[in-house]
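# Tertiary structure, described
As a plain string of letters, each chain reads:
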Amino acid sequence: MLLKINLYYVFNLSTLSIAFLVLSSCYKFEGSQTVPAYIKIDTVLLSTYYPEQGSNSNAIKDVWVYVNDKQIGAFELPAMFPVLEMGKQELEIRPGIKVNGISSTRAPYPFYKPIIYDDFVFTPDSTTNVTKPETEYYSNLNFVWMEDFEQPGISLVESSSSDTNIVRTQPANNPEAYLSENSKYSGLISLTTEKNLYSATSSNSYPIPLQGSPTILEIDFKTNNLINVGIIIQEYGNFIKIPLVILNHSKNWNKIYVNLGPNLSLHPQATDFKVFFESVLETDLNSASIYLDNIKIINRPY
């Protein structure tokens with residue numbers, strides 16, 4: 001049977017191996033109703049207040065569905081699923097993501113508000129389309145770091161070992177960049193056989209959040225070369241480097257949500273942390289292009 005997952009465990013345990021829940025094999029109809037209503041959801045949109053929350057880019061892959069606070073199931077988008085209800089009921093849709101980009105660690109994203117229809121009409125033996133439901137960030141979040149490369153100054157600093165740097169795409173609206181209403185530029189790392197190593201950290205250090213506070217790093221990327229992402233924690237004057245994810249090849253713009261919380265919670269005496277990016281030109285390539293955009297660190301006081 002489906003279990004309602006506590007988001008604290010999803011985003012704060014060091015082992016993120018939460019299985020994706022699927023309705024088809026285990027949802028049992030209850031009561032006397034035998035003919036279900038069908039709900040169809042193709043996509044979920046994100047609305048943001050750009051000056052404070054940045055881009056509305058998202059990778060909402062799933063919906064976690066509740067009717068009258070009862071969990072119906074989790075479904076990969078686009079989705080169509082049966083519900084044994086009729087008439088006006090409360091429908092709740094929680095946007096879901098792949099934590100750390102891993103299919104087996106899907107969960108509702110704790111920073112996106114659920115979409116709630118108080119009087120959703122369920123019609124047995126009929127399909128109702130939920131057209132472009134729209135979520136938004138919760139209002140009590142801290143947007144600790146945002147880098148969208150729209151300003152000339154870039155909040156990444158290369159290390160002494162790096163033989164190349166990150167620059168803004170040129171000209172404005174370069175077709176390789178992440179383009180949207182608020183985005184004309186992206187960050188570009190160019191690797192060649194002569195300059196084959198990139199290594200950089202966020203310009204600023206960020207305070208360790210309160211113990212148990214969910215902390216997520218969002219990154220949009222497009223790359224033909226692997227790039228490592230992680231954090232450097234300062235604790236008792238020492239710097240602890242923790243690799244977290246590898247961004248794989250992607251011909252199109254992709255998005256990843258990196259869970260920082262578990263590793264930060266393991267170092268409660270640490271003073272601060274930075275994010276790092278590292279890449280070495282792969283041996284079968286003569287050159288590579290790595291594009292980054294819409295980098296955010298977000299947390300919520302626990």
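The rules behind these values
- Residues numbered from 1 in each chain as written.
- Predicted model: local features only at pLDDT ≥ 70, side-chain atom pairs only at ≥ 80, totals over all residues.
- Heavy atoms only, no water.
- Helix = DSSP H or I, 4+ residues; strand = E, 2+ residues; numbered from the N terminus.
- Buried < 20%, exposed > 50% of the residue type's maximum accessible area, 1.4 Å probe, protein only.
- Contact = heavy atoms within 4.5 Å.
- Areas by Shrake-Rupley, 256 points an atom, 1.4 Å probe, with all protein chains shown as cover.
- Salt bridge = Lys/Arg side-chain N within 4 Å of Asp/Glu carboxyl O.
- Pairing = 2+ DSSP bridges.
- Axes fitted to C-alpha atoms, helices over the stretch in contact; angles between N-to-C directions.
- Lys, Arg positive; Asp, Glu negative; His and termini not counted.
- Polar contact = N/O pair within 3.5 Å; in protein donor to acceptor, adjacent residues only side chain to side chain.
- pLDDT = per-residue confidence, 0-100.
- Phe/Tyr/Trp six-rings, centres within 6.5 Å; stacked < 30°, edge-to-face > 60°.
- Lys NZ or Arg CZ within 6 Å of the ring centre and 35° of its normal.

## Things to note about the overall build of the chain
- Along its length, the chain carries three helices and 22 strands.
- The buried share among the 302 residues of the chain stands at 49%.
- Of the contacts made within the chain by residues no fewer than 6 positions apart, 76% connect residues no fewer than 24 positions apart.
- When the accessible surface of the chain is summed, it comes to about 14500 Å², and 49% of that surface belongs to carbon and sulfur atoms.

## Details of unusual backbone geometry
- Cis peptide bonds are those with omega within 30 degrees of zero, and the linkage from leucine 77 to proline 78 qualifies with -5°.
- With respect to the helices and strands, the residue proline 78 is situated in the loop between strand S4 (70–76) and strand S5 (79–83).
- The step from glutamine 170 to proline 171 runs through a cis peptide bond, and the omega angle for that step is -10°.
- Following the sequence through the fold, proline 171 ends up in the loop between strand S13 (166–168) and strand S14 (187–192).
- Despite not being glycine, aspartate 125 shows a phi value in the positive range, around 60°.
- Position of aspartate 125 among the secondary structure elements: in the loop between strand S8 (115–122) and strand S9 (127–130).

## Brief notes about the pattern of salt bridges
- As enumerated under the stated definition, the model contains nine salt bridges in all.
- Of the charged contacts, one joins glutamate 92 and arginine 94 as a salt bridge, the two residues approaching to 2.8 Å between their closest N and O atoms.
- In this structure glutamate 92 comes out as buried when scored by relative accessible area, which is 8%.
- Residues participating in the shared-partner salt-bridge network are Asp62, Glu76 and Arg106.

## Some words on the pairing of S14
- The sheet contact formed by S13 and S14 spans three bridges and is antiparallel. Across the sheet, residue isoleucine 166 finds its bridge partner in S14, namely isoleucine 189.
- By the bridge criterion, six bridges tie S14 to strand S22 (residues 287–299) in an arrangement that is antiparallel. Paired with threonine 192 across the bridge in S22 is serine 287.

## Concerning the sheet that holds strand S1 (residues 37–41)
- Strand order in the open sheet made by the three strands is S5-S1-S9, with mixed pairing throughout. Looking at the sheet topology across the chains shown, the edges are occupied by S5 and S9. Pairs of neighbouring strands in the sheet enclose a mean axial angle of 25°, with direction left out of account.
- Where S1 lies against S5, five bridges are found, and the strand directions are antiparallel. The residue of S5 that forms the bridge with isoleucine 39 is phenylalanine 81.

## Quick look at the side chain of glutamate 150
- Within the fold, glutamate 150 resides in the loop between strand S11 (142–147) and strand S12 (156–158).
- For the buried glutamate 150, which has no salt bridge, the nearest side chain bearing the opposite charge is arginine 168, at an N-O separation of 5.6 Å.
- Looking at glutamate 150, its side chain comes within polar contact range of the side chain of serine 183, at 3.4 Å.
- A polar side-chain atom of glutamate 150 sits 3.0 Å from the main-chain amide nitrogen of lysine 184.
- In this structure, glutamate 150 is in contact with Tyr50, Arg168, Asn182, Ser183, Lys184 and Tyr185, ignoring residues within four places of it in sequence.

## Considerations on the confidence of the model for the chain
- Averaged over all residues, the pLDDT of the chain equals 90, while 89% of them reach at least 70.
- Predicted confidence is poor over residues 1–10, with pLDDT under 50, and the contacts of this stretch with residues over four places away or in other chains come to 27 contacts.

## Some details on the environment of phenylalanine 122
- One can find phenylalanine 122 in strand S8.
- Separated by 86 residues in the primary sequence, phenylalanine 122 and proline 36 have C-alpha atoms spaced 8.7 Å apart.
- Apart from residues lying up to four places away in sequence, phenylalanine 122 is in contact with Ala37, Ile39, Val67, Val83, Glu85, Met86, Gly87, Gln89 and Leu91.

## Comments concerning the packing of aromatic side chains
- Summed over all chains, the structure comprises 13 aromatic pairs.
- With a centroid separation of 5.0 Å and an interplanar angle of 65°, the aromatic rings of phenylalanine 120 and phenylalanine 122 are classed as edge-to-face.
- Residue phenylalanine 120 is classed as buried on the basis of its relative accessible area of 9%.
- Cluster of aromatic residues (ring-pair linked, three or more members): Tyr109, Phe111, Tyr112, Tyr137, Phe143 and Tyr257.
- The ring of phenylalanine 276 has lysine 241 lying over it, and the distance from NZ or CZ to the ring centre is 4.9 Å.

## Details of the pairing of S1
- What you see with S1 is a clean split: Ala37, Ile39 and Ile41 sit on the buried side and Tyr38 and Lys40 on the side with no burial.
- Sheet topology note: the S1/S9 ladder contains four bridges and is parallel. Considered in S9, the bridge of lysine 40 is made with asparagine 129.

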